[in-house]
Amino acid sequence: MMKFDLLLSTLRIARPSDNLAALIHFYTEGLGFSTLGQFQDHAGFDGIMLGHPNAPWHLEFTHCHSHQVGTAPSQDHLLVFYLPDIEAWNAAINRMESAGYSAVTSFNPYWDNNGRTFEDPDGYRIVLQHAESPV
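Residues numbered from 1 in each chain as written. Predicted model: local features only at pLDDT ≥ 70, side-chain atom pairs only at ≥ 80, totals over all residues. Heavy atoms only, no water.

Novice: Can you explain helix H2 (residues 86-98)? Please cite residues and give values.
Specialist: A rise of 1.5 Å per residue sets the reference length of H2, with its 13 residues, at 18 Å; its end C-alpha atoms lie 18 Å apart and thus fit the reference within 8%. The set of residues buried in H2 consists of Trp-89, Ala-92, Ile-93 and Met-96. What you see down the axis of H2 is that its buried residues fit within an arc of 95 degrees, all on one side. Exposed positions of H2 whose direction lies more than 90 degrees from the buried face are Glu-87 and Ser-98. Where H2 begins, the capping side chain belongs to Asp-85, and its oxygen is found 3.1 Å from the backbone nitrogen of Glu-87. Residue Gly-100 follows H2 closely and has a positive phi angle near 100 degrees. (Helix = DSSP H or I, 4+ residues; strand = E, 2+ residues; numbered from the N terminus. Expected span 1.5 Å × (residues − 1). Buried < 20%, exposed > 50% of the residue type's maximum accessible area, 1.4 Å probe, protein only. Arc of directions from axis to C-beta. Polar contact = N/O pair within 3.5 Å; in protein donor to acceptor, adjacent residues only side chain to side chain.)

In structure tokens:
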């Protein structure tokens, strides 16, 4: 019997969007992600996978030609990236700002203590946290 181990799997976080072009700019120019794959008009969907080639995770954004999805349901839908090195953290903040994005006040003030929060074009938020991951 083959053992299934989630620790060895790749994580894809997928969500729909009404504005793929703006998301691509945010995640590639702002956060420095790479385009890992994309598709056009696959059963009425366009999509793109973004991330880093050697990371065990990536993000997928899809757009359905016949359906609008709107924006994030709240300001507390987050992806958090822990950057313990101050130079790497400052570089990440500078990259976001150079790409035209400004930090926003976090819904949960905890994230403002050691981080900066940026809102993507769909209203979902990315936290660049200057800290070690707690786990």
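From this point on, the discussion continues.
Novice: Report on the sheet that holds strand E1 (residues 11-16), specifying residues and quantitative values.
Specialist: Pairing in this open sheet of four strands is mixed, and the strands run E1-E4-E3-E2 from one edge to the other. The sheet terminates laterally at E1 and strand E2 (34-42), the two strands that pair on one side only. In this sheet, adjacent strand axes meet at a mean angle of 15 degrees when their direction is disregarded. With six bridges joining them, E1 and strand E4 (residues 57-64) adopt parallel strand pairing. If you follow Arg-12 over to E4, its bridge partner there is His-58. (Pairing = 2+ DSSP bridges. Axes fitted to C-alpha atoms, helices over the stretch in contact; angles between N-to-C directions.)

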